[in-house]
Amino acid sequence: MKRTNLKKLNDAYADKFGFSMPEKSVLSFDFGLSQKIISDISTSKNEPPWMREFRQKSLQVFRKMKLPSWGPSLAEIDFEQIRYFIKDTDVEKKTWAEVPKEIKDTFDRLGVPQAEREFLAGVKAQYNSEVAYSSLQAELDEQGVIFCSMEEALQKHSDLFKEYFGKLVPAADNKFAALNSAAWSGGSFVYIPPNTHVKRPLQSYFRINAARMGQFERTLIIADEGSSANYVEGCTAPVYSEYSLHAAVVEVFVKKNARFRYTTIQNWSGNIYNLVTKRAKVFKDGVMEWIDGNLGAKTTMKYPSCYLAEEGAYGEMLSIAYAKNNQIQDTGAKMLHLAKNTSSKIIAKSVSLGGGQSNYRGLVYISKAAVDSKSKVECDALILDKDSATCTYPDMKVSGENATMEHEASVSEIEEEKLFYLMSRGLTKTEAMTLLVAGFIEPIVKELPLEYAVELNRLIELEMEGSVG
Amino acid sequence: MQMVLLEKQTEFTLEPKVDTFYLVLLDKNVEQGNIKVDVSFKKAGVSCQLLFLGRLKNNSSWQLESNTRHFVTGTSCLTNVYLSQSEESRVDYFGQIYIDRLASQTKSFLKEQSLILGKATYNRSRPILEIFNNKVKASHSASSSRLSEADLFYLMSRGFKKVEAQKILEEAFFNKVLDSIKVELARKLIKDYLC
């Protein structure tokens, strides 16, 4: 990529998402991880004994577990050089007027209040370690929908919280799940009552505003029987020379006949390690859809999964990975078929340019019990220049009787013939390539909320300007 | 294109200098077997086909691995793995395509198909792509499925017993790939061996 265009791209990110505000925290702990810091997090949140114990046990698990022996290198991360908790407001605010000026200005520049007015049923805005602002439409509140911070849920809906928290992603699942379990702060709690349909999206915005900071939000979602909802999360951070760490855990329970869609647009700045564990358990005839856009971060490792636990359950994953400027996007999905007549679909598309590397890593497991189950996986990758790379690591295990499994993957550059045709119609090479890349990812982009789809197309235009010549 | 039958060993390390068709026939009398084939392309312009064929009998278990690695320009490879699986048979297949940064104008494809005939079978498939050059075409596909109920029903409605109908459909499954063998005698011998 040309240096001038790379600068233009970085400037564009810095202008829209990469700005930073002065740090004005009301509570911040020292760098490093210790029993005392974990205990202080619990104290600051006034947590019950069971949660204090859970955190301390998780810290022990974290200490014992090793970094993954596969995938991108994480050797740079020094867990003692990270701040695990920064609190910027004393209490969660319910109107924008109450939110501290620096935080409000940040979310204003990201367009959150405007989106809330125009498109959304509810908003959570997390700034560093805690949720700074939250809202929910009154009629949803009356219907019994709960959309609040995890801290509020732990205090006000403790039975529901305890019944589901950590049941799908135990602390020992992986090193970063253990770290999150020990140091979690912020994130959303969503409960949709039976037969309730939330038509407009519920949205969370996650913002890191400090260097060498760890954001460990935890999201817990329960879509009760026959309900439906759509949850969207967006992530950004300032551009710093030092790295920060984002290690979230998301647990989603999709009950009988419920339908849930979880959309993520990750556009962290290029100094963030994004290491996330996302999992859904789908009950009888339930439908879970993950839509995952990975555009930013230095290194991403994320493989959302569906445990298709009861008959007729369906899981779907649509993902886009966009690896540029030496980024590594190591993403994928896992579908575990554990009951009969379950089905799943994974469609993953990736674009690599400017020395970026995108990897698809996925698992489809069809157990003996999953008779008559079906799964289909499609991975398509585009490589736009000689400095970039793409890898595909699928693993498919089929034991279920009468099961059908299909997998296809392809890697190619942009076809000369198509490029030639568009250029013969008067488009420049850059315009033609931009159009072809947009067409390549279109099946997934059309599933995104409008403002994200527009933003993604704009981003691609900007980046393609630098990729030709 | 010359044809080479890979036999009497479990591991093969190959560096083709001319266009070659490598054939691996899984021994149908073996209960437990493993075969690993590494093909490294170090001579520009060479083209290869690698074909694994096997009818896995009841309770048999196979571990198969193919690694095709392209280091120079203008090479191509087509890897096909065609297996039918009877009762309680198990197969674990690992297939890698690696294309080096220097290996532009490479074409490499991998296709694995398993036809499930019996109950309690296990099929694991790991087709890997590692691509470090943009001037290439590479793909893999893997599928595992049972005989079509509609096809079986049709043949049985024409008077075939279920076992006969299954055999016809199994032959048809292998014929899809056997047609790529241009030497008629070789094709016939392989067919006789399989069916």
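Here the structure is a predicted model, which is why all the values come from computation and not from measurement.

A. Spatial organisation of the overall build of chain B. Within chain B, the regular secondary structure consists of 3 helices and 11 strands. Counted from the first residue to the last, chain B has its helices and strands arranged as β-β-β-β-β-β-β-β-β-β-β-α-α-α. Here chain B has a C-alpha radius of gyration of 17 Å; the compact-globule value for 195 residues is 16 Å, and the two agree. In terms of principal-axis extent, the alpha carbons of chain B reach across some 55 × 35 × 35 Å. By the burial criterion, 51% of the 195 residues in chain B qualify as buried. Pairs at least 24 residues apart make up 79% of the contacts formed inside chain B by residues separated by at least 6 positions. Taken as a whole, chain B presents about 9,200 Å² of accessible surface, with 49% of it coming from carbon and sulfur. Within chain B, the 22 negative side-chain charges are centred at a point lying 4 Å from the centre of the 28 positive side-chain charges.

B. Focus on helix 3 (residues 184-194) of chain B. Residues and elements named next belong to chain B. Along helix 3, the positions that sit buried rather than exposed are Ala186, Ile190 and Leu194. Viewed end-on, helix 3 has its buried residues packed into an arc of 65 degrees, placing them on one side of the element. Exposed and oriented more than 90 degrees from the buried face of helix 3 are Glu184, Leu185 and Leu189. Summarising the contacts, the buried residues of helix 3 are in contact with strand 1 (2-5), strand 3 (20-25), strand 5 (47-56) and helix 2 (162-178).

C. Up close: the interface of chain A and chain B. If you look at the interface, chain A gives 32 residues, while chain B gives 28 residues. Summed over both partners, the interface of chain A with chain B comes to about 2,400 Å²; 48% of that surface belongs to carbon and sulfur atoms. The largest share of the area that chain A buries against chain B comes from Met396(A), Val411(A) and Glu413(A), three residues that together contribute 18% of it. Linking chain A with chain B are 2 salt bridges. Close ionic contact of Arg124(B) with Asp395(A) constitutes a salt bridge, the shortest N to O distance being 2.5 Å. Linking chain A to chain B there are 14 residue pairs in polar contact (both at pLDDT 80 or more). The set of elements that each furnish at least two residues to the side of chain A that touches chain B consists of strand 23 (389-398) and strand 24 (404-412) of chain A. It is strand 23 of chain A that provides the largest number of residues to the side of chain A that touches chain B, a total of 10 residues. Strand direction decides the pairing type here: strand 24 of chain A and strand 11 (residues 136-146) of chain B, joined by 8 bridges, are antiparallel.

D. Structural context of the pairing of strand 23 of chain A. Of all 10 residues making up strand 23 of chain A, 9 are buried, and the element is well covered by its neighbours. Inspection of the sheet shows strand 23 of chain A paired to strand 10 (residues 122-131) of chain B by 6 bridges, in the antiparallel sense. Its bridge partner lying in strand 10 of chain B, Met396(A) is registered against Ser125(B).

E. Quick peek at a negative patch on the surface. A surface patch of negative charge is lined by Asp372(A), Glu401(A), Glu87(B) and Glu88(B). As for its placement among the helices and strands, Glu401(A) is situated in the loop between strand 23 and strand 24.

F. Region of interest: the confidence of the model for chain B. All names here are of chain B. The predicted model of chain B has a mean per-residue pLDDT of 92, with 100% of residues at 70 or higher. Per-residue pLDDT, averaged within each element of chain B, yields its smallest value for helix 3 (82) and its largest for strand 6 (residues 61-70) (97). Interface confidence for the predicted complex, given as ipTM, is 0.88, next to a pTM of 0.88.

G. Molecular detail of the environment of Ala297(A). Residues and elements named next belong to chain A. Following the sequence through the fold, alanine 297 ends up in the loop between strand 15 (287-294) and strand 16 (299-302). Given the relative accessible area of 0%, alanine 297 is considered buried. C-alpha of alanine 297 to C-alpha of leucine 245: the two residues are 52 residues apart in sequence and 9.7 Å apart in space. Setting aside residues no more than four positions away along its own chain, alanine 297 makes contact with Gln266, Trp268, Ser269, Gly270, Ile272, Asn274 and Gln327.

H. View of the confidence of the model for chain A. Here chain A shows a mean pLDDT of 85. Residues at 70 or above account for 79%. Highest mean pLDDT in chain A belongs to strand 17 (residues 305-308) of chain A (98); lowest belongs to helix 1 (residues 3-16) of chain A (57).

I. Structural context of the packing of helix 10 (residues 416-424) of chain A against helix 11 (residues 429-445) of chain A. Residues and elements named next belong to chain A. Running from N to C, helix 10 and helix 11 point in directions that differ by 125 degrees, and their axes come no closer than 9 Å. When the axis of helix 10 is compared with that of helix 11, the two are oblique. Both helix 10 and helix 11 take part in a crossing whose hand is right-handed. Residues Lys418, Leu419, Leu422 and Met423 of helix 10 form the contact with helix 11, whose participating residues are Lys429, Ala432, Met433, Leu435 and Leu436.

J. Seen up close, the packing of aromatic side chains. What the rule picks out here adds up to 20 aromatic pairs over all chains. Pairing Tyr84(A) with Phe216(A) gives two aromatic rings, centres 5.4 Å apart and planes at 5 degrees, and the pair type is stacked. Residue Tyr84(A) is located in the loop between helix 3 (49-64) and strand 2 (86-87), and its partner Phe216(A) is located in the loop between strand 8 (214-215) and strand 9 (218-223); the two are separated by 132 residues in the primary sequence. A relative accessible area of 2% places Phe216(A) in the buried class. The interplanar angle of 70 degrees and the centroid separation of 5.2 Å between the aromatic rings of Phe173(B) and Phe174(B) together place this pair among those described as edge-to-face. An identical accessibility class is assigned to Phe173(B) and Phe174(B); each is buried. Among the aromatic residues, those joined into a cluster by ring pairs are Trp50(A), Phe54(A), Phe161(A), Phe165(A), Trp184(A) and Phe189(A). Of note, Lys175(A) hangs over the ring of Phe62(A), and the distance from its end group to the ring centre comes to 4.0 Å. The ring centre of Tyr122(B) lies 4.3 Å from the NZ or CZ of Arg90(B), which sits over that ring.

Thresholds, definitions, all that
Residues numbered from 1 in each chain as written. Chains lettered and ligands numbered in written order. Predicted model: local features only at pLDDT ≥ 70, side-chain atom pairs only at ≥ 80, totals over all residues. Heavy atoms only, no water. Helix = DSSP H or I, 4+ residues; strand = E, 2+ residues; numbered from the N terminus. Rg over C-alpha atoms; globule rule 2.2 N^0.38 Å. Buried < 20%, exposed > 50% of the residue type's maximum accessible area, 1.4 Å probe, protein only. Contact = heavy atoms within 4.5 Å. Areas by Shrake-Rupley, 256 points an atom, 1.4 Å probe, with all protein chains shown as cover. Lys, Arg positive; Asp, Glu negative; His and termini not counted. Charge placed at Lys NZ, Arg CZ, Asp CG, Glu CD. Arc of directions from axis to C-beta. Buried area = accessible area lost by both parts, 1.4 Å probe. Salt bridge = Lys/Arg side-chain N within 4 Å of Asp/Glu carboxyl O. Polar contact = N/O pair within 3.5 Å; in protein donor to acceptor, adjacent residues only side chain to side chain. Pairing = 2+ DSSP bridges. Patch = residues over 30% accessible without salt bridge, like charges linked within 9 Å, V, L, I, M, F, W, Y side chains within 5 Å. pLDDT = per-residue confidence, 0-100. Axes fitted to C-alpha atoms, helices over the stretch in contact; angles between N-to-C directions. Parallel < 35°, antiparallel > 145°, perpendicular 65-115°, else oblique. Left-handed = near helix turned anticlockwise from the far one by under 90°. Phe/Tyr/Trp six-rings, centres within 6.5 Å; stacked < 30°, edge-to-face > 60°. Lys NZ or Arg CZ within 6 Å of the ring centre and 35° of its normal.

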